[in-house]
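Coordinates in review
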Amino acid sequence: MVTTLLVFVVALGLIFDYTNGFHDAANSVATIVSTKVLTPFQAVLWAAAFNFLAYFVVKDHKVANFISKIVFADFVDMHVILAGLLAAITWNLTTWWFGIPSSSSHTLIGGFAGAGMTKAIYMGTNAFLAVNMHYIIPIVLYIVLAPFIGLIIAYIITIIILHICKNARPAAAERWFKALQLISSALLSFAHGTNDAQKVMGILYLSLIASKIIGAGAAMPEWIPLACYSAIALGTMSGGWKIVKTMGSKITKITPLEGVSAETAAAVTLGFTEHFGIPVSTTHTITGSIIGVGLTKRVSAVRWGVTINLVWAWIITIPISALIAGLLFALLRTVGA
């Protein structure tokens, strides 16, 4: 039976996807705005369109399935899901307010895991028995691997392009790369949609199972992916301009050529991880790619002080989100919501 709590959880899930969109809009549009290929308004419309296009292409939902299994079913109920979503939205809005490009993916994962672990404590068992380490370990590994893979691919692509275009006229080359950046930005926005929209799909799917609307192992209702892709696209259209400034200019100065390299590298990395169903951070991936293009000039071209601050934000996102979710779960249990 559809309950008020289920409706509230679904609404919160879509609100999270919306905040994910405007929080992570910078991932898709920062380089294309900083190189003046598109205006900010044009860029977010462009990115949102390709976010939503993923709905028509991706049908396997491997990442959604991955997310749904990070907490064992015995420790999942509507309060766990509600607390996890509230924690993720709280951290997303906090980091957006301060212009910190943290991971929407990892705050959702941390919130869900933290609420599940707190429920385990309430049940009188070890908190770590609630989380499925088979799924948690790859997530933790790819906090490091995703940006590193993006960095390496971006560095290689940039070196190859520089070698091919070494005799090209600068003005003509810049025109070509501004045109190519439309394609690379579209690829990144599409990859962002395929990866990030699926995370809330997994949570909403679990909420239907927890409410006994559908049985475990049932097919995902089609309205879930449609709603999630729509919400993330609408969020992207809203933009997150504080984070755009950080990503587009504070890490390193980006040219159209380097924008093409960074966006292509990030899209390839996200495509690879989505193929294997591994939920990674779009934010981490594009940041690593931007660093990679900066390193082709010189090590000092990267503003390492800014980069180190970003890494600290990445490190604390999962544990802080887990802590917030645990406190919210305890509050919900106390008030009997």
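Residues numbered from 1 in each chain as written. Predicted model: local features only at pLDDT ≥ 70, side-chain atom pairs only at ≥ 80, totals over all residues. Heavy atoms only, no water.

The name an unreviewed UniProt entry gives the chain is Anion permease, with Mucilaginibacter ximonensis as the organism. Checking UniProt for the chain, the heading Subcellular location (unreviewed entry) contains the comment "Membrane". (UniProt positions renumbered as here; feature names shortened; annotations may be inferred.)

**Observations concerning the overall build of the chain**
Counting secondary structure elements, the chain contains 12 helices and 0 strands. Start at the N end of the chain and walk to the C end: the helices and strands fall as α-α-α-α-α-α-α-α-α-α-α-α. The globule rule puts the C-alpha radius of gyration for 337 residues at 20 Å, and the 20 Å found for the chain is close to it. For the chain, the C-alpha atoms occupy an extent of roughly 70 × 35 × 30 Å along the three principal directions. Sequence-distant contacts, at least 24 apart, represent 87% of the contacts inside the chain between residues at least 6 apart. Accessible area for the chain stands at about 13,900 Å²; split by element, carbon and sulfur atoms hold 74% of it. Computed over 19 positive and 11 negative side-chain charges, the inter-centroid distance for the chain is 11 Å. (Helix = DSSP H or I, 4+ residues; strand = E, 2+ residues; numbered from the N terminus. Rg over C-alpha atoms; globule rule 2.2 N^0.38 Å. Contact = heavy atoms within 4.5 Å. Areas by Shrake-Rupley, 256 points an atom, 1.4 Å probe, with all protein chains shown as cover. Lys, Arg positive; Asp, Glu negative; His and termini not counted. Charge placed at Lys NZ, Arg CZ, Asp CG, Glu CD.)

**Looking at helix H11 (residues 282-295)**
Over its 14 residues, H11 runs 20 Å from end to end, which matches the ideal 20 Å to within 8%, given 1.5 Å per residue. In terms of burial, H11 is largely enclosed, as 13 of its 14 residues are buried. Looking at where H11 begins, the residue whose side-chain oxygen comes 3.0 Å from the main-chain nitrogen of histidine 284 is serine 281. (Expected span 1.5 Å × (residues − 1). Buried < 20%, exposed > 50% of the residue type's maximum accessible area, 1.4 Å probe, protein only. Polar contact = N/O pair within 3.5 Å; in protein donor to acceptor, adjacent residues only side chain to side chain.)

**Details of helix H4 (residues 78-97)**
With 20 residues, H4 should reach 28 Å at 1.5 Å per residue; the first-to-last C-alpha distance of 28 Å fits that figure. Summarising burial for H4: 14 of the 20 residues are buried, a large majority. Two or three places before histidine 79, at the opening of H4, aspartate 77 has a side-chain oxygen 3.0 Å from that residue's backbone nitrogen. Just past H4, the residue glycine 99 takes up positive phi, approximately 70°.

**Description of the UniProt feature "transmembrane region" (unreviewed entry) in the chain**
Mapped onto the present numbering, the UniProt feature "transmembrane region" (unreviewed entry) falls at residues 37-58, 70-91, 135-164, 176-194, 200-219, 226-244 and 311-332. Taken end to end, residues 37-58 is 82% helix and 0% strand, and its two terminal C-alpha atoms sit 28 Å from one another. For the annotated span residues 200-219, helix accounts for 55% and strand for 0% of the residues, and the straight-line distance between the end C-alpha atoms is 16 Å.

**Points about the side chain of glutamine 181**
Relative to the assigned elements, glutamine 181 resides in helix H7 (residues 170-210). According to the relative accessible area criterion, glutamine 181 is buried, its value standing at 0%. Once residues within four sequence positions are removed from consideration, glutamine 181 is found in contact with Thr31, Ile32, Thr35, Val37, Pro256, Gly259, Val260 and Glu263.

**What about the side chain of serine 289?**
Within the secondary structure, serine 289 is located in helix H11. In this structure the side chain of serine 289 is engaged in a polar contact, spanning 3.0 Å, whose partner is the backbone oxygen of threonine 285. Excluding residues within four positions of it along the chain, serine 289 makes contact with Pro147, Gly150, Leu151, Ala154, Ala262, Ala265 and Ala266.

**Details of the packing of aromatic side chains**
Scanning the model with the defined rule gives 8 aromatic pairs in all. Note on tyrosine 55 and phenylalanine 56: the rings are 5.0 Å apart at their centroids and 75° apart in plane angle, and the pair reads as edge-to-face. According to the relative accessible area criterion, phenylalanine 56 is exposed, its value standing at 52%. Above the plane of the ring of tyrosine 55 lies lysine 59, whose end atom (NZ or CZ) is 4.4 Å from the centre. (Phe/Tyr/Trp six-rings, centres within 6.5 Å; stacked < 30°, edge-to-face > 60°. Lys NZ or Arg CZ within 6 Å of the ring centre and 35° of its normal.)

**Re a nonpolar patch on the surface**
A cluster of nonpolar residues, Phe148, Ile152, Tyr155, Ile156, Ile159, Ile160, Leu162 and Ile164, forms a patch on the protein surface that exposes about 730 Å² of accessible area. Inspection of the secondary structure puts isoleucine 164 in helix H6 (residues 133-164). (Patch = residues over 30% accessible without salt bridge, like charges linked within 9 Å, V, L, I, M, F, W, Y side chains within 5 Å. Salt bridge = Lys/Arg side-chain N within 4 Å of Asp/Glu carboxyl O.)

**Some thoughts on the pattern of salt bridges**
Counted by the stated rule, this structure contains 5 salt bridges. Of the charged contacts, one joins lysine 297 and glutamate 258 as a salt bridge, the two residues approaching to 3.5 Å between their closest N and O atoms. Residue lysine 297 is located in the loop between H11 and helix H12 (304-335), and its partner glutamate 258 is located in helix H10 (residues 256-275); the two are separated by 39 residues in the primary sequence. Residue lysine 297 is classed as partly exposed on the basis of its relative accessible area of 36%.

**Quick look at the nonpolar core**
Counting 53 residues, the largest nonpolar core has Ile70, Ile81, Leu85 and Phe112 as the members making the most contacts within it. It is H4 that provides the largest number of residues to this core, a total of 9 residues. Excluding residues within four positions of it along the chain, phenylalanine 112 makes contact with Ile67, Ile70, Val71, Val76, Val80, Ile81, Gly84, Ile203 and Leu206. Residues Ala154, Ala262, Val280 and Ile286 belong to the second largest nonpolar core, which totals 15 residues. (Core = buried A, V, L, I, M, F, W, Y, C linked by side-chain atoms within 4.5 Å.)

**Section: the packing of helix H5 (residues 104-122) against H7**
Axis separation between H5 and H7 bottoms out at 10 Å; the angle between their running directions is 20°. The pairing of H5 with H7 is recorded here as roughly parallel in orientation. The way H5 lies across H7 gives a crossing that is left-handed. Of the residues in H7, those in contact with Ser105, Leu108 and Phe112 of H5 are Asp196, Lys199, Val200, Ile203 and Leu206. Grouping the constituent residues of the contact of H5 with H7 by class yields 5 nonpolar, 1 polar and 2 charged. (Axes fitted to C-alpha atoms, helices over the stretch in contact; angles between N-to-C directions. Parallel < 35°, antiparallel > 145°, perpendicular 65-115°, else oblique. Left-handed = near helix turned anticlockwise from the far one by under 90°. Nonpolar A, V, L, I, M, F, W, Y, C, P; charged D, E, K, R; others polar.)

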